[in-house]
Number of protein chains: 2
Amino acid sequence: MDGARLERILSALRASGGRITTARRALVTAIVEADGHVTAEDLAETVQRSHPDVHRSTIYRTLDALEELGLVDHVHLGHGRAVYHLLDDPHQHLVCERCGHVIEVPDELFRPLADDLQKGYGFRLRPNHFAVLGRCAECAATP
Amino acid sequence: MDGARLERILSALRASGGRITTARRALVTAIVEADGHVTAEDLAETVQRSHPDVHRSTIYRTLDALEELGLVDHVHLGHGRAVYHLLDDPHQHLVCERCGHVIEVPDELFRPLADDLQKGYGFRLRPNHFAVLGRCAECAATP
DNA sequence: TTAGCTGCAAAAGGTTTGCAAATTA
DNA sequence: TAATTTGCAAACCTTTTGCAGCTAA
């Protein structure tokens, strides 16, 4: 399963004229295995476990390259580091502003809102880039 | 009108045990006059026009104080600086990810979504902290 | 008088960049 | 070989912090 995702990504990278280096393969493997909610820092650590001298800047540059190809996106879940994730399975991030808990919800929930914004403002929603803040069930219960 | 807002904010600040200094009065005036979408940098510049040695750190500290009192909030419209705004008139920010244009829309538009999230996930939406990205009408029209 | 603010300078924290050397296709 | 990537070190940019002096109440 994951092998296929890995290959899909590497092929796209290659097809765009990019090169598959050890560092890139290791990074892509790390993202595929992490499968969501990983910071550049997390990825750097994972990659460095097997390839100690892959530098943070390489991580960032490769993530940039993957984003430009539309294979990866990053989301700001709060202040501080962004998290990166693969672009299949479109979903939103609900983040509890008190405990930090992250809930993934399917994109379709945002459909009605997206339609309203389209009709009323001509605005085409692409809400994935920032998290949606609020309170999770537990934190909403305890004041 | 704005005088009333100014006084309301200063009173709240005073009531919480805070002191009204020249710097604080100037900053609050600047926010009231700017009325939305101002960065700390913008505010610093405005304040410094009349009070050149108010330092950036004072701006940030005062904004913090105002946020703690629930008088002001800040929103991340994109990468880089956050923007600050007064907390009356609850609204959302739609930001065009291509041209950067900001559209304010009333909170009520998010009511149905908020209800869905509440029902389905026990999640209480508080969406104001991050902007909602997408494409404005013009940019959506031209590919 | 005294708690609360301030300016300054310096640091923090995440991300980006210039460069020369190394590597891929 | 030619074009891309890489590691490194240093810079960047916004925001935060420690501190000693200043000031509003």
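Before reading on, note that the structure itself is shown above.
Each value, and the rule that gives it
- Residues numbered from 1 in each chain as written.
- Chains lettered and ligands numbered in written order.
- Predicted model: local features only at pLDDT ≥ 70, side-chain atom pairs only at ≥ 80, totals over all residues.
- Heavy atoms only, no water.
- Near = heavy atom within 4 Å.
- Polar contact = N/O pair within 3.5 Å; in protein donor to acceptor, adjacent residues only side chain to side chain.
- Helix = DSSP H or I, 4+ residues; strand = E, 2+ residues; numbered from the N terminus.
- Buried < 20%, exposed > 50% of the residue type's maximum accessible area, 1.4 Å probe, protein only.
- Arc of directions from axis to C-beta.
- Contact = heavy atoms within 4.5 Å.
- Buried area = accessible area lost by both parts, 1.4 Å probe.
- Salt bridge = Lys/Arg side-chain N within 4 Å of Asp/Glu carboxyl O.
- Pairing = 2+ DSSP bridges.
- Least-squares fit on C-alpha atoms with pLDDT ≥ 70 in both.

This part covers the protein's contact with DNA strand D. Lining the immediate environment of DNA strand D, one finds 19 residues, of which Arg19, Thr21 and Thr58 of chain A together with Tyr60 and Arg81 of chain B sit closest. Among the atoms of DNA strand D lying within 4 Å of the protein, the sugar-phosphate backbone contributes 68%. Between a phosphate oxygen of DNA strand D and a side-chain N or O atom of arginine 24 of chain A, the distance comes to 2.9 Å. Alanine 82 of chain B has a polar backbone atom sitting 3.2 Å from a phosphate oxygen of DNA strand D. Secondary-structure elements contributing two or more residues to the surface near DNA strand D are α2 (22–34) and α4 (56–68) of chain A together with α4 (56–68) of chain B.

On to helix α5 (residues 111–121) of chain B, then. The set of residues buried in α5 of chain B consists of Leu113, Ala114 and Leu117 of chain B. Down the axis of α5 of chain B, the buried set is contained in an arc of 100 degrees. They therefore lie on one face. For α5 of chain B, the exposed residues set more than 90 degrees away from the buried face come down to Arg111 and Lys119 of chain B. Contacts made by the buried residues of α5 of chain B are with β4 (91–96) and α5 (111–121) of chain A together with β6 (124–125) of chain B.

Time to look at the protein's contact with DNA strand C. Among the 21 residues in the neighbourhood of DNA strand C, the closest are listed as Arg19 and Tyr60 of chain A together with Arg19, Thr21 and Thr58 of chain B. A share of 68% is what sugar and phosphate atoms reach among the atoms of DNA strand C within 4 Å of the protein. Between DNA strand C and the protein, one listed contact pairs a phosphate oxygen with a side-chain N or O atom of arginine 81 of chain A at 3.3 Å. One of the side-chain nitrogen or oxygen atoms of threonine 21 of chain B is found 2.6 Å away from a phosphate oxygen of DNA strand C. Mapped onto the surface near DNA strand C, the elements with two or more residues apiece are α4 of chain A together with α2 (22–34) and α4 of chain B. In terms of residue count, α4 of chain B provides more of the surface near DNA strand C than any other element does, four residues in total.

Every contact between the two is made by 34 residues of chain A and, on the other side, 35 residues of chain B. Between chain A and chain B, the buried area comes to about 2900 Å², and carbon and sulfur atoms account for 69% of it. Sorting the residues of chain A by area buried against chain B places Tyr121, Phe123 and Phe130 of chain A first, and these three jointly supply 23% of that buried surface. Taken together, the connections running from chain A to chain B amount to two salt bridges. A salt bridge links glutamate 97 of chain B to arginine 126 of chain A; its shortest N-O distance comes to 2.7 Å. Summed over the shared surface of chain A and chain B, the result is twelve residue pairs in polar contact (both at pLDDT 80 or more). Elements represented by at least two residues in the side of chain A that touches chain B include exactly β4, β5 (102–106), α5, β6 (124–125), β7 (132–135) and α6 (137–141) of chain A.

The next thing to look at is the side chain of threonine 62 of chain A. All names here are of chain A. One can find threonine 62 in helix α4. Note on threonine 62: relative accessible area 3%, which makes it buried. Setting aside anything within four residues of it in sequence, one finds threonine 62 in contact with Arg24 and Leu27.

On to the sheet that holds strand β2 (residues 72–75) of chain A, then. Residues and elements named next belong to chain A. Taking strand neighbours across the sheet as the criterion, the three strands line up as β1-β3-β2 in an open arrangement whose pairing is antiparallel. The outermost strands of the open sheet, each flanked by one partner alone, are β1 (38–39) and β2. Looking at chain direction, β2 and strand β3 (residues 83–86) are connected through four bridges and run antiparallel. In the sheet register, valine 75 faces β3, and the bridge partner there is valine 83.

Turning our eyes to something else, we now look at the environment of leucine 6 of chain B. Take leucine 6 of chain B: it is sitting in helix α1 (residues 2–15). Excluding residues within four positions of it along the chain, leucine 6 of chain B makes contact with Arg25, Val28, Thr29 and Val32 of chain B.

The next point concerns the relation of the copies chain A and chain B. With an RMSD of 0.1 Å, the fit of chain A onto chain B corresponds to turning through 179 degrees and sliding 0.0 Å along the axis. Such a turn and shift between the copies fits a two-fold axis.

Don't take any of this as a statement about function, it's just geometry.
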